[in-house]
Amino acid sequence: MTVALGGGHATVAKNLAEAIATIDSTIETKIIDVISDGWPSFSKTASDAYVSSTGGLGSFWFRVYYVITNAFPALLRWFGECFYHDYAVRKYREEQPDLIIATFPILADVAVQAREECGGKAPVVVIVTDAGNVQGIWASKRADMTLVATPDTINYLVRRGVPKDRIKYCGFPVGREFYSHTDRASLQKKYGFDRNVFTILFTAGGAGLNSRKALRVVRQIAGIKMPYQIILNAGHNDNLRQRFEALQFPYATKVVIEGFTDKMRDYALISDLVCSKCGWLTISEALALQRPMALYDAIPGHETQNARYIMHNGLGLYEPNPTKIARRIEHAIANADTLAAYKDTMRRAHSASSPYPEITRLLAAYLDMSPRDRKSV
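Since the structure is predicted, the reported quantities are computational estimates derived from the model, not experimental observations.

What to know about helix 10 (residues 211-222)
Here is step 1: Over its 12 residues, helix 10 runs 16 Å from end to end, which matches the ideal 16 Å to within 8%, given 1.5 Å per residue.
Here is step 2: Among all positions in helix 10, only K213, A214, L215, V217, V218, I221 and A222 are buried.
Here is step 3: Residues of helix 10 that are buried sit in contact with strand 5 (199-203), strand 6 (228-233), helix 11 (238-245), strand 8 (273-277), strand 9 (293-297) and helix 15 (322-334).

See the structure below:
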């Protein structure tokens with residue numbers, strides 16, 4: 001059970017489905033976008049609200065939403081259980097699942113409610129897709145297990161009332177390819193990058209949110225007066241891609257501009273620094289590849305917590321001012337020790353360790369609890 005808002009939640013669901021397939025080829029896995037499937041008339045409204053959440057008036061209202069739902073999460077759970085009750089019960093009876101995984105807040109409580117009403121026994125597992133002190137609506141007291149991306153989230157959820165024996169730190173399931181070894185030099189040669197020139201990967205995220213802010217940051221980076229190479233990714237925002245193409249980069253020795261692409265792992269490996277908004281999926285991909293980060297924008301609330309986690313643990317920098325972040329990137333180009341310190345912290349934190357062995361072990365154990373020969377998730 002997931003939603004397509006922002007892309008990260010749905011991507012994690014896809015990654016987990018691929019991991020489950022390695023457990024047993026007879027397991028049937030279905031990914032359901034609950035908003036689109038259960039309330040299609042609300043889907044576009046929710047998507048538009050999320051797109052506007054990083055800038056202007058939309059940012060203000062998203063902050064209000066975050067503060068209220070973080071302080072009083074029962075309000076949103078009540079909303080979810082009311083509006084999705086009939087849908088969840090119908091879906092449970094149709095699918096008769098052996099295991100339910102939720103990659104978005106409140107969905108676990110909706111699933112547990114449906115399970116109880118249907119007299120089912122399917123365990124409900126939550127995968128938290130943010131870091132540190134996550135939004136209070138992630139704290140499900142009814143889920144059978146909550147898997148978290150960062151160790152400090154455990155104590156935080158315990159303080160929010162989740163039993164400690166129902167929380168497990170496993171890491172964050174980005175694409176499995178991010179944990180496979182590839183020679184960086186061969187990728188640099190393949191894509192025509194000079195291994196002796198500093199390379200920046202700038203990404204606006206899959207949805208290309210807050211294009212005005214992204215464009216302001218890139219304009220400032222374009223003013224860096226020393227040699228560098230840069231990859232610009234606008235995601236699904238075609239207008240932003242076109243505006244990137246109209247810019248001049250007088251000191252760049254190579255410029256690559258992309259829309260949504262499947263080359264992000266390769267581009268990140270080629271790069272010395274990843275410049276991104278504070279979505280946890282992109283951050284986790286950079287951590288898995290041990291690439292230092294310069295974070296320039298955050299959706300108020302949950303992404304602000306992601307930025308705090310990165311800075312507090314010395315894994316990168318966060319600077320929302322476009323001029324200042326460009327100057328800090330320029331400093332990193334000129335001072336190799338700056339990035340070396342971030343990389344050393346990542347190594348000591350074992351950020352490149354795959355979470356999949358532990359995640360698949362836990363999910364396999366839940367599936368083994370089912371008496372049915374043919375499992376479904």
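Focus on the packing of helix 10 against helix 15
Here is step 1: Put simply, helix 10 and helix 15 touch, their axes get as near as 8 Å, and they point 40 degrees apart. As the angle between them shows, helix 10 and helix 15 are arranged oblique. As for the relative orientation of helix 10 and helix 15, their crossing is right-handed in sense. Residues K213, R216, V217, Q220 and I221 of helix 10 touch helix 15, and the partners they reach there are P322, T323, I325, A326, R327 and I329.
Here is step 2: Along the lines of polarity and charge, the residues of the contact of helix 10 with helix 15 split into six nonpolar, two polar and three charged.

A few points about the sheet that holds strand 2 (residues 124-127)
Strand pairing in a sheet takes place through backbone hydrogen bonds and is either antiparallel or parallel in direction.
Here is step 1: The four strands are arranged 1-2-3-4 in an open sheet whose pairing can be described as parallel. Unpaired on one side and paired on the other, strand 1 (100-102) and strand 4 (167-169) mark the two borders of the sheet. Each neighbouring strand pair of the sheet contributes to a mean axis angle of 25 degrees, computed without reference to strand direction.
Here is step 2: Bridging between strand 1 and strand 2 involves three bridges; their strand directions are parallel.

Description of the pairing of strand 2
Here is step 1: Side chains V124 and V126 of strand 2 all project onto a buried face; the interleaved residues V125 and I127 project onto the opposite face, where all are buried too.
Here is step 2: Viewed along the sheet, the connection from strand 1 through helix 7 (residues 107-118) into strand 2 turns out right-handed.
Here is step 3: Here strand 2 runs beside strand 3 (residues 145-148); their pairing, made up of three bridges, is parallel. Following the sheet pairing, V125 is matched in strand 3 by M145.

Points about a nonpolar patch on the surface
Here is step 1: Together, I68, F72 and L75 make up a nonpolar patch on the protein surface, roughly 310 Å² of accessible area in all.
Here is step 2: The topology assignment puts F72 in the loop between helix 4 (56-71) and helix 5 (73-83).

Notes on the packing of helix 15 against helix 16 (residues 336-348)
Here is step 1: The contact between helix 15 and helix 16 brings their axes to 5 Å, and the two run at 95 degrees. Judged by the inter-axis angle, helix 15 sits roughly perpendicular to helix 16. Residue-level inspection shows R328, H331, A332 and A334 of helix 15 in contact with helix 16, the latter providing A336, T338, L339 and Y342.
Here is step 2: For the contact of helix 15 with helix 16, a count of residues per class yields five nonpolar, two polar and one charged.

Concerning the packing of aromatic side chains
Here is step 1: In the structure shown here, the tally under the stated rule is nine aromatic pairs.
Here is step 2: Taking 6.2 Å as the distance between ring centres and 70 degrees as the angle between the ring planes, the aromatic pair formed by Y84 and Y87 counts as edge-to-face. This pair shows no difference in class: Y84 is buried, exactly as Y87 is.
Here is step 3: A centroid spacing of 6.0 Å and a plane angle of 90 degrees characterise the contact between F202 and F244, whose relative ring orientation is edge-to-face. Of this pair, F202 sits in strand 5 while F244 sits in helix 11, placing them 42 residues apart in sequence. In this pair, the class of F202 matches that of F244, namely buried.
Here is step 4: Through pairs of rings, three or more aromatic residues link up here, namely F172, W280 and Y309.
Here is step 5: Of note, R176 hangs over the ring of Y356, and the distance from its end group to the ring centre comes to 5.0 Å.
Here is step 6: Looking at K254, its charged tip hangs above the ring of F193, at a distance of 5.3 Å from the centre.

Side note on the nonpolar core
Here is step 1: Ranked by internal contacts, the top residues of the largest apolar core, which has 51 residues, are L99, I101, Y267, W280, I283, M293 and I310.
Here is step 2: No other element matches the six residues that helix 13 (residues 280-288) contributes to this core.
Here is step 3: The residues touching L99, leaving out its near neighbours within four places in the chain, are A122, P123, V125, L363, Y366, L367, S376 and V377.
Here is step 4: Grouped together as the second largest cluster of nonpolar side chains are 33 residues, Y92, A114, V128 and I167 included.

Calculation notes
- Residues numbered from 1 in each chain as written.
- Predicted model: local features only at pLDDT ≥ 70, side-chain atom pairs only at ≥ 80, totals over all residues.
- Heavy atoms only, no water.
- Helix = DSSP H or I, 4+ residues; strand = E, 2+ residues; numbered from the N terminus.
- Expected span 1.5 Å × (residues − 1).
- Buried < 20%, exposed > 50% of the residue type's maximum accessible area, 1.4 Å probe, protein only.
- Contact = heavy atoms within 4.5 Å.
- Axes fitted to C-alpha atoms, helices over the stretch in contact; angles between N-to-C directions.
- Parallel < 35°, antiparallel > 145°, perpendicular 65-115°, else oblique.
- Left-handed = near helix turned anticlockwise from the far one by under 90°.
- Nonpolar A, V, L, I, M, F, W, Y, C, P; charged D, E, K, R; others polar.
- Pairing = 2+ DSSP bridges.
- Right-handed = clockwise from strand over helix to strand, strands pointing away.
- Patch = residues over 30% accessible without salt bridge, like charges linked within 9 Å, V, L, I, M, F, W, Y side chains within 5 Å.
- Areas by Shrake-Rupley, 256 points an atom, 1.4 Å probe, with all protein chains shown as cover.
- Salt bridge = Lys/Arg side-chain N within 4 Å of Asp/Glu carboxyl O.
- Phe/Tyr/Trp six-rings, centres within 6.5 Å; stacked < 30°, edge-to-face > 60°.
- Lys NZ or Arg CZ within 6 Å of the ring centre and 35° of its normal.
- Core = buried A, V, L, I, M, F, W, Y, C linked by side-chain atoms within 4.5 Å.

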